[in-house]
Amino acid sequence: MRLWRPGLSRIVQLIVTLWGASVVIWSMILLAPGDPARRLLIARGIPDPLAEDVAAARRELRLDQPVVVRYVRWLGDVVRGDFGASWRTNRSVLSEFGDRFGATAVLGVATMVFVVVFTVPMTLIAARWRERWPDKVMQVGSSIGTSLPSFLVSLVLLHVVVLEWGWGQVLSDGSVGSVWLPASALSIGVAATWTRLLRGGMVGVLDTSLADICRSRGAGPWRIMTRVALPNALVRFLPFMALTVGALVGGAAVVESVVDWPGMGAYLVDAINARDLPVIQAYVLLATVAYVVTANGADVLARRLDPRLGIER
Amino acid sequence: MTNASVVLDIATLDVTYPNGTNALRGVSLRVGTGERLAVIGESGCGKTTIARTILGLLPSGSRVAGSAIVAGSDVLALSERSHRRLRGTTIGYVAQSPYDAMNPLWSVERNVAEAWRAVGCQPPTGHVVAALERLGINDAAARIRQRPFAWSGGMLQRAAIAAATAHRPALLVADEPTSALDAELASDILELLDSTSVALLIITHDVHLVAQHVHRIVVCYAGRIVEDRAALDICEQPRHPYTRALLAARIEPGRPLGVPLDGDPPDLSQPIVGCSFAPRCPVAVERCLTEQPGLVDGVACHVVNDRG
Amino acid sequence: MRLGGIGARRRTGRIGLIVGVVIAVLMIGTVVIGSITWDLSPSALSLTKKLERPSWQHPLGTDSFGRDQFARLLDGGRRSLSIAAVILAGVVTISLALGVLAGLAGGVVDSAISRVVDVLLSIPSTLLALALVGVLGPGLVSLMIAMITSLWAGYTRIARSLTIAARNRGDVLAARQAGRGWVATTRGHIVPGVVSQLLVLATLDIGGVLAAIASLSFLGLGVQSPDAEWGSMLSESRLFLTNAPWLLAAPTAAIVLTVLAANLIGESMHDRLVMERTR
C-alpha cells in the first residue's frame, strides 16, 4: 500500500539505529558483576561448580574470544533467528517466547481496544463541551489517570475487585475472559495521555478557520468534530501516540508478573530474577525492533496522510 | 428597495465580545437582491465581526443588540439550530485563506462535496466537476482527486467559491477573499464572485480593488459606519475625512495598510464619546469630541454635514 | 461556540497547581513532622504485634513482621524522594554536559553524541531500566544506574537543541564580540537557560521516576528489604492482604498522591513556561 512505503533514507536510518541498539543491548552483559561462567552455572542450578564445569561453561560462552568477535557471532546468530538458549531451561529462547507470545498478543490487543474505547468518547465529550464541566472532569480524570502506575492498578484490581468482591476469575489463564484485569490496568495511563493529546489537538483544529468554513457550510458541531477535528488531530499526534505505546512494553512486563499472566512479560521478570541473561537480551532486542518499526511506521503514515507534516523522502 | 428584495438588513447592531471589546457600535446597512456591497476599513474596525454575526460564528458569551435580518429572518433571534439551517443554503461564506479552508486530509473533490453532505444531501453526479469548470478550472475531473496542497491558491479559492455557492445562497459573504492572492488573480476572483452571487457582501481593506466590482461601499471605523454611498461616488469624491485618508493609502503587499494618519484607532474595550475618528481627524472641531455624528446622506461627520 | 480563551486554560492550570501544592505540602509536612515526632522505628520487629489493625498506637497498623506501618511509610517516602532526587540530578548533570558539548562543538563530536542518543532512545526506557537492573543485579545502586541510563538520552537531546538555539542568540553573540572566551560565555549565557529548562523537565518526570522506583522495588529489584519503600511494602504484604487490607491502602494512597502531586506541579510549571514563551 502506498501509504506505508517508507523513504529510502528512513530505512537506512532505521537499520543503522537498530544496529546501534544491538551493540548497546549486547554490551549490557559485560556490565554484569562476577564471573559469567559461574553465573551461567548458578542460573542452571549448579551453585557450587567444579573447576571443569566452569571451564566448560567458559568455552560455551566463548569467553576466551575477544569482545568484538563475540558480539559479531551473536549478531550473526540473531539475524538468522537464533537467540541462544535460556540458561535455566536450556531451551531455545525463541521457542520459550513462542509459547508465550499468544498470551501477550491477546493482552496487547485487548489493551489497545480498551484504550480506543476509553479515549474516543472522552475526547469527543471534552472537545464538545470545552471549558465546561464535562471537559474539566475529563482533565481531572486525565491527570489522575497518568498518576496511577499500572502495576498498582493491577494489584488493587486483583485484591479488591477479584479477591474481595468476587468478580472475575482469580486465575489469569491467558484467555480473553480474564484479560480485562491486566488490560484495564495498562490502558488507563495510555488512555489518559491520549485523551489529553487529542483533546488539545481537536481544540486546535476547532479554533481554525477550517472549522469556521465547515460551520458556514451548515455542518453541525458533532459532524465537524468527528469528520474534521478528530481525524486531523489523530494524524498530527500519531507519532506521539506511538511513543506512548512504546512505554507500555515495560509496564506490561510488570503487570503480567503481578497478575500471573502467562505471557512474555512475566517470563522476562522471571528471567530477571534468575539472571537468565540471554532471555533478557533477546526480549529487549525484540521489543526495540518492534518499537522502532512501530514508531517509524506511525511517522510514515502520518506524513502520507497529511503532507503538511513534511514529505517522506 | 422594497422589503421583498432586501436580502440583508442590519439595524443598530451592537456586538461586544466576551473579553469586553465592543466591536460594533450601532451599525446599520442593507444589501438588496442583485446588489454588491463592500465593507472597507482597517483591521480591527469591526468588519469581520459583521460577517461573523451574519453567519452566527460569534464566540459564546458575546453580547449582541439590534437586528440582522437575512432573507426575512432576524438571525439574532434565531436558535442555533435554526441559524445553522441558513448556513450553506441561504448564507454562503468565502474566507481569506484558501488553504485554511480545505481539510488537508481530503481530496478537493471531497472538500467541495462537503457543501452538500454537511446539509444532509449528496452532490448530484458531475455537479462538482461542472461547478469547478464554470469557475475556470480546466481538466477538473482529473484534478479534483488531488489533495489541496497540490493546487495553487487561486485555484483553491475558486473551489472554495464553488463550495460556498453550491446551493445558490441568497447572500454570499466574502471576508477578504483576495488578500492572500496576487493582484492579477484577485480581479479574476472578484469577477467570479460577481457572477456567482445573488447578493454579495464583500469585506476588504483594499478600496481600489473592489471599487469597480461593487455597487455600494460602506466605510467602517472603530465599530461605526462613517460613510455609506455608491462606489463610484465614494471613489471620485470621498467626503468623510477617514475615507479620504483610506483612499490615499498605499497598499504594499505584505505590509499593513499604510493610512497616512497619525495615531491609532481607539481602544474598543472602552466607551467612546463623540466621533470615534475625532482624535485623529484633520478637520475635527469642538462638537466632534462630544457629540456622535449620525449618518446623514451617507456620511457621518459634523463638519461635512454642516457644510451642507 | 469557540474561543474559550487562554484565560480559561490558565485557570484550570492554576487549580491543578494549587491542588498539587496542597497535596505536596501536606505530605512533606507529614513526613517532616512525622520524622521528628514519631519515635517508632520502621524496622523494629515484634512477634507479638503482627498484622494489627490501625489504632492510636499504630495509625496505619503493623505488617507481618510487627513493624509499624506509619513509620515505614515515612521512612519509605524519604527514601523514594531522595532516590528520585539523586537520579534526576544525575540525569540533568550528564545531559547538560553532553548536550551543551554536542550543541557547541558540532561536527564529529555532535554526530557521535547524537547517534548514541538516537540509539538509546530507540530502546523503550522502562524496559531498558528493567533489563539493566536484571543484568547488574538487584540493589539500590543498580536501580539508580539503570534509571539514569534510561533517562539521560532524552534530556541530552533537548539540552543539545536548546544549546543550538542559544548559540546564535543576541546576548551570546554580543558576549563573544566583546571578547569573552567560549567557556565563560557558555557558563554565563547558555548554561543557565538550559539548566532551568532541564529542571522543569525533571519536575515533570518526578512522578514517573517515583512510580518506576516503586514498581522495580515491588518486583524486588530496587530497594532491598528490610529497607522500607512503598513498592516493596506492597509486595511484602501481598500474601496477607485479605486479612489486613490496610497494608494495601496506605502505600497505594501514598504512591498515588505523591505521583499526582508531582505531576500536577510539574504540569503547571511546564504550562507556565510554555505560556511565557508563546507570548
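Everything quoted here is computed from the prediction, not taken from an experiment.

### Overview of the overall build of chain B
Then, in step 1: In terms of regular secondary structure, chain B is built from twelve helices and ten strands.
Then, in step 2: Taken over the C-alpha trace, chain B has a radius of gyration of 20 Å; the compact-globule value for 308 residues is 19 Å, and the two agree within 12%.
Then, in step 3: For chain B, the C-alpha atoms occupy an extent of roughly 65 × 40 × 40 Å along the three principal directions.
Then, in step 4: Classification of the 308 residues of chain B by burial places 46% in the buried group.
Then, in step 5: Expressed as a percentage of contacts within chain B between residues at least 6 apart in sequence, the contacts between residues at least 24 apart total 64%.

### Some details on the sheet that holds strand 2 (residues 22-32) of chain B
Residue and element names in this part refer to chain B.
Then, in step 1: Strand order in the open sheet made by the four strands is 2-1-4-5, with antiparallel pairing throughout. Looking at strand neighbours, the two that pair on one side only are strand 2 and strand 5 (73-74), the edges of this open sheet.
Then, in step 2: Pairing of strand 4 (residues 63-70) with strand 5, which is carried by two bridges, proceeds in the antiparallel orientation. Across the sheet, I69 pairs through a bridge with D74, a residue of strand 5.

### Observations concerning the sheet that holds strand 10 (residues 224-230) of chain B
Strands belonging to one sheet form pairs held by backbone hydrogen bonds; the direction of such a pair is parallel or antiparallel.
Residue and element names in this part refer to chain B.
Then, in step 1: In space, the six strands of this open sheet follow the order 6-7-8-3-9-10, with mixed pairing throughout. Only two strands of the sheet have a single partner each, and these edge strands are strand 6 (91-94) and strand 10. The sheet shows a mean angle of 20 degrees between the axes of neighbouring strands, direction not considered.
Then, in step 2: Relative to strand 10, strand 9 (residues 216-221) runs antiparallel, the two sharing six bridges. Among the inter-strand pairings, V218 is bridged to a residue of strand 10, identified as D228.
Then, in step 3: Helix 1 (residues 47-55) contacts strand 3 (36-40), strand 6, strand 7 (171-175), strand 8 (200-204) and strand 9 of the sheet and is inclined by roughly 145 degrees relative to strand 7.

### Brief notes about the pairing of strand 4 of chain B
Residue and element names in this part refer to chain B.
Then, in step 1: In terms of strand pairing, strand 1 (residues 6-16) meets strand 4 through seven bridges, oriented antiparallel. Opposite D9, over in strand 4, you have I69 as the bridge partner.
Then, in step 2: Once strand 4 ends, the chain turns through two residues before running back antiparallel as strand 5, passing A71 with a positive phi of about 50 degrees.

### Details of the interface of chain A and chain C
Then, in step 1: Facing the 45 residues of chain A at the interface are 40 residues of chain C.
Then, in step 2: It is helix 10 (residues 221-259) of chain A that provides the largest number of residues to the side of chain A that touches chain C, a total of eight residues.
Then, in step 3: For the side of chain A that touches chain C, the residue count by class is 28 nonpolar, twelve polar and five charged.

### Observations regarding helix 5 (residues 93-128) of chain A
Then, in step 1: Taking 1.5 Å of rise per residue, the 36 residues of helix 5 of chain A would be expected to cover 52 Å, and the 50 Å separating its terminal C-alpha atoms lies within 8% of that figure.
Then, in step 2: Residue R100 of chain A marks the point of greatest curvature in helix 5 of chain A, where the axis turns by about 45 degrees.

### Concerning helix 4 (residues 127-134) of chain B
All names here are of chain B.
Then, in step 1: Inspection of helix 4 places V128, V129, A131 and L132 among the buried residues, and these make up the whole buried set. Down the axis, helix 4 shows its buried residues gathered within 165 degrees of arc, on one side only.
Then, in step 2: On its buried face, helix 4 sits against helix 3 (108-117), helix 5 (140-143) and helix 6 (153-164).
Then, in step 3: Just downstream of helix 4 lies G136, where phi reads positive at about 95 degrees.

### Regarding the packing of helix 6 of chain B against helix 7 (residues 183-196) of chain B
Residues and elements named next belong to chain B.
Then, in step 1: Helix 7 packs onto helix 6 with a crossing angle of 10 degrees between their chain directions and a minimal axis gap of 11 Å. The orientation of helix 6 with respect to helix 7, classified from their angle, is roughly parallel. With respect to the hand of their crossing, helix 6 and helix 7 are arranged in right-handed fashion. On helix 7, the residues that touch G154, Q157, R158 and I161 of helix 6 are L185, I189, L192, L193 and T196.
Then, in step 2: Classifying every residue of the contact of helix 6 with helix 7 by side-chain character gives five nonpolar, three polar and one charged.

### Remarks on the environment of V119 of chain B
Then, in step 1: Topologically, V119 of chain B is positioned in the loop between helix 3 and helix 4.
Then, in step 2: Sequence-wise, V119 of chain B and R87 of chain B are 32 residues apart; in three dimensions their C-alpha atoms are separated by 8.9 Å.
Then, in step 3: Residue contacts for V119 of chain B: discarding those within four places in its chain leaves G218 of chain A together with G88 and T89 of chain B.

### Focus on the confidence of the model for chain C
When pLDDT is low, close inspection of the predicted coordinates is not appropriate.
Then, in step 1: The pLDDT averaged across chain C works out to 82; a share of 93% of its residues lies at or above 70.
Then, in step 2: For residues 1-11 of chain C, every residue scores under 50 in pLDDT, and the model assigns this stretch twelve contacts once sequence neighbours within four places are set aside.

### Describing the packing of helix 5 of chain A against helix 10 of chain A
Residue and element names in this part refer to chain A.
Then, in step 1: Running from N to C, helix 5 and helix 10 point in directions that differ by 140 degrees, and their axes come no closer than 10 Å. As far as their axial angle goes, helix 10 and helix 5 are oblique. Crossing of helix 5 over helix 10 shows right-handed handedness. Side by side, helix 5 and helix 10 meet where L107, L124, A127 and R128 of the first sit next to P221, M225, A229 and A252 of the second.
Then, in step 2: Here the residues of the contact of helix 5 with helix 10 sort into seven nonpolar, no polar and one charged.

### Concerning the domain arrangement of chain B
Residue and element names in this part refer to chain B.
Then, in step 1: Along its sequence, chain B is carved into domain 1 (3-222) and domain 2 (243-263 + 273-308).
Then, in step 2: A C-alpha centroid distance of 28 Å is found between domain 1 and domain 2.
Then, in step 3: On the side of domain 2, eight residues touch domain 1, which itself brings eight residues to the contact.

### Let's talk about the pairing of strand 2 of chain B
Residues and elements named next belong to chain B.
Then, in step 1: By the bridge criterion, eight bridges tie strand 1 to strand 2 in an arrangement that is antiparallel. Note that in strand 2 the partner of I10 across the bridge is L29.
Then, in step 2: Once strand 1 ends, the chain turns through five residues before running back antiparallel as strand 2, passing G20 with a positive phi of about 95 degrees.

### Focus on unusual backbone geometry
Then, in step 1: Phi is positive for R275 of chain A, which is not a glycine, with a value near 55 degrees.
Then, in step 2: Structurally, the position occupied by R275 of chain A is in the loop between helix 11 (264-274) and helix 12 (277-305).
Then, in step 3: Accessibility expressed as a C-beta count within 10 Å gives 21 for R275 of chain A, which makes it buried.
Then, in step 4: The backbone of T12 of chain B shows a phi angle near 40 degrees, a positive value even though the residue is not glycine.

### Concerning the environment of R38 of chain A
Residue and element names in this part refer to chain A.
Then, in step 1: Within the secondary structure layout, R38 lies in helix 2 (residues 36-43).
Then, in step 2: Sequence separation between R38 and F151 is 113 residues, and the spatial gap between their C-alpha atoms is 33 Å.
Then, in step 3: With sequence-adjacent residues up to four places away left out, R38 is seen in contact with P49 and V54.

### So, the environment of V64 of chain B
Residue and element names in this part refer to chain B.
Then, in step 1: Relative to the helices and strands, V64 is located in strand 4.
Then, in step 2: Through-space distance from the C-alpha of V64 to that of Y17 is 8.8 Å; in sequence the pair is 47 residues apart.
Then, in step 3: Dropping the residues within four chain positions of it, V64 is found in contact with D14, V15, T53 and L76.

Rules behind the numbers
Residues numbered from 1 in each chain as written. Chains lettered and ligands numbered in written order. Predicted model: local features only at pLDDT ≥ 70, side-chain atom pairs only at ≥ 80, totals over all residues. Helix = DSSP H or I, 4+ residues; strand = E, 2+ residues; numbered from the N terminus. Rg over C-alpha atoms; globule rule 2.2 N^0.38 Å. Buried ≥ 20, exposed ≤ 12 C-beta atoms within 10 Å, placed from the backbone. Contact = placed C-beta atoms within 7 Å. Pairing = 2+ DSSP bridges. Axes fitted to C-alpha atoms, helices over the stretch in contact; angles between N-to-C directions. Nonpolar A, V, L, I, M, F, W, Y, C, P; charged D, E, K, R; others polar. Expected span 1.5 Å × (residues − 1). Bend = angle between axes of the 7 residues up to and from the residue. Arc of directions from axis to C-beta. Parallel < 35°, antiparallel > 145°, perpendicular 65-115°, else oblique. Left-handed = near helix turned anticlockwise from the far one by under 90°. pLDDT = per-residue confidence, 0-100. Domains from an automatic or database assignment.

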